Amino acid sequence: MILSTLRFAVFLFSIASALEAAAPDISNLNNCINDVRQAEHSSPAVLTFDSYTTNYSQLISDLEAASANLPHVYQEAAAKPLIEFIQNLGEVQFTHIFTQEPSDDQSAVLKEIIPDAALAILSYQGSLVQGINAFQEVVSDLYDGFLSDENRVGKQSGKPINPPTYGVIPPLVKFGNADAGPYTWPGDATRQILGMHCGVVSLPPAQLAGGVVAWSCLGHETGGHDVTHADEGLLDELAQKVYEAVYKKFKSKNLANYWARCI
């Protein structure tokens, strides 16, 4: 996978290859953009975390109830460890985090990540389950496509590549946080902070009702953030490979450093 990614990066920086490539058909792009705009204007209401910030007991109860609707693998990998984390946190500390300004970095991160992780589980009950299931299916297909045994074979050696450091379970999904746009909490973050064994991917609520072209960002969120964070050290290796490829082509340390940092 790393070598194929490098080859793709080299391709991107090859002007000749770019000129030879067939131009994509974007004749329908304006209609796609208008569809996104219309979806934004009719964005459906989705579950929020607001009612739970001062209702610790209700959150635990609802998480336990929603957990029963999850596929078994997510009951064990996501719901169980999250519930245990919140219980270990305790009601006093939980309430302090969500009713006060963060007093330290850890509290600030927990105030951001706990709602997203909880909503990814709580979303599996209610009227929006069909949309959640469709979202989950797309994310799972993308993630599995990168991490399947068939694809995790060295191109040159032909030998299997070890499973990802942080597991092979696709991220859970949620709709929400429209102002933040699409984003992800990769598996390394959810495991190190909450003890979960999968990441969380979020799309704005508008994409539940339309604007399907915006789902194309999931290749970046799932195939980018989640896959690259699943293997410890992979990002550093990719950054080095990109640096070497860009510097070899353009002889510019500034340009090579820029793209390495972007990775």
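These figures come from a predicted structure and were not determined experimentally.

Q: Give me the sheet that holds strand β3 (residues 200–203): which residues, what numbers.
A: The 3 strands are arranged β1-β3-β2 in an open sheet whose pairing can be described as mixed. In the strand order of this sheet, the two ends are held by β1 (172–175) and β2 (183–185), each with one partner. In this sheet, adjacent strand axes meet at a mean angle of 20° when their direction is disregarded. Set on the sheet, helix α8 (residues 129–147) makes contact with β1 and β3; between it and β1 the angle comes to about 135°.

Q: Describe the pattern of salt bridges, with residues and values.
A: The full count for this structure, using the stated rule, is 2 salt bridges. The salt bridge involving Glu76 is made with Lys80; its shortest N-O contact spans 3.9 Å. Placement of both Glu76 and Lys80 in helix α5 (residues 72–89) is noted, with a separation of 4 residues, approximately one turn of the helix. Overall, Glu76 belongs to the partly exposed group, its relative accessible area being 40%. Looking at Lys80, the relative accessible area reads 42%, which means it is partly exposed. Note that Asp116 is salt-bridged to Lys174, the shortest N-O span being 3.1 Å. Pair noted here: Asp116 is in helix α7 (residues 105–122) and Lys174 is in strand β1, with a separation of 58 residues, a long-range link.

Q: Can you lay out helix α11 (residues 234–250) for me, pointing to particular residues and giving the numbers?
A: For α11, spanning 17 residues, the distance from its first C-alpha to its last is 24 Å, which sits close to the expected 24 Å at 1.5 Å a residue. One or two steps after α11, the chain reaches Lys251, where phi turns positive at roughly 55°.

Q: Account for the nonpolar core, naming residues and giving values.
A: Residues Ile86 and Ile114 are the most contacted members of the largest nonpolar core, which totals 49 residues. If near-sequence neighbours (up to four positions away) are discounted, Ile114 is found in contact with Phe49, Phe85, Ile86, Leu89, Phe94, Phe98 and Leu194.

Q: Report on α5, specifying residues and quantitative values.
A: Across its 18 residues, α5 extends 25 Å between first and last C-alpha, which sits within 8% of the 26 Å expected from 1.5 Å per residue. The largest bend in α5 amounts to roughly 30° and is located at Ala79, with the proline Pro81 lying one to four residues further along. All buried positions along α5 are accounted for by Tyr74, Ala77, Ala78, Ala79, Pro81, Leu82, Ile83, Phe85 and Ile86. On the buried face of α5, the contacting elements are α4 (56–67), α6 (91–99), α7, α8, β1 and α9 (187–194). Downstream of α5 by one or two residues, Gly90 has phi in the positive range, about 90°.

Q: Can you break down the packing of aromatic side chains residue by residue, with the values?
A: In total, this model carries 10 aromatic pairs according to the counting rule given. Relative to Phe98, the ring of Phe94 lies with its centre 4.8 Å away and its plane at 45°, an arrangement referred to as tilted. Separated by 4 residues within a single helix, Phe94 and Phe98 lie in helix α6, roughly one turn from each other. For Phe94, a relative accessible area of 0% translates into the label buried. Measuring from ring centre to ring centre gives 5.3 Å for Tyr258 and Trp259, while their planes differ by 80°; the resulting arrangement is edge-to-face.

The rules behind these values
Residues numbered from 1 in each chain as written. Predicted model: local features only at pLDDT ≥ 70, side-chain atom pairs only at ≥ 80, totals over all residues. Heavy atoms only, no water. Pairing = 2+ DSSP bridges. Helix = DSSP H or I, 4+ residues; strand = E, 2+ residues; numbered from the N terminus. Axes fitted to C-alpha atoms, helices over the stretch in contact; angles between N-to-C directions. Contact = heavy atoms within 4.5 Å. Salt bridge = Lys/Arg side-chain N within 4 Å of Asp/Glu carboxyl O. Buried < 20%, exposed > 50% of the residue type's maximum accessible area, 1.4 Å probe, protein only. Expected span 1.5 Å × (residues − 1). Core = buried A, V, L, I, M, F, W, Y, C linked by side-chain atoms within 4.5 Å. Bend = angle between axes of the 7 residues up to and from the residue. Phe/Tyr/Trp six-rings, centres within 6.5 Å; stacked < 30°, edge-to-face > 60°.

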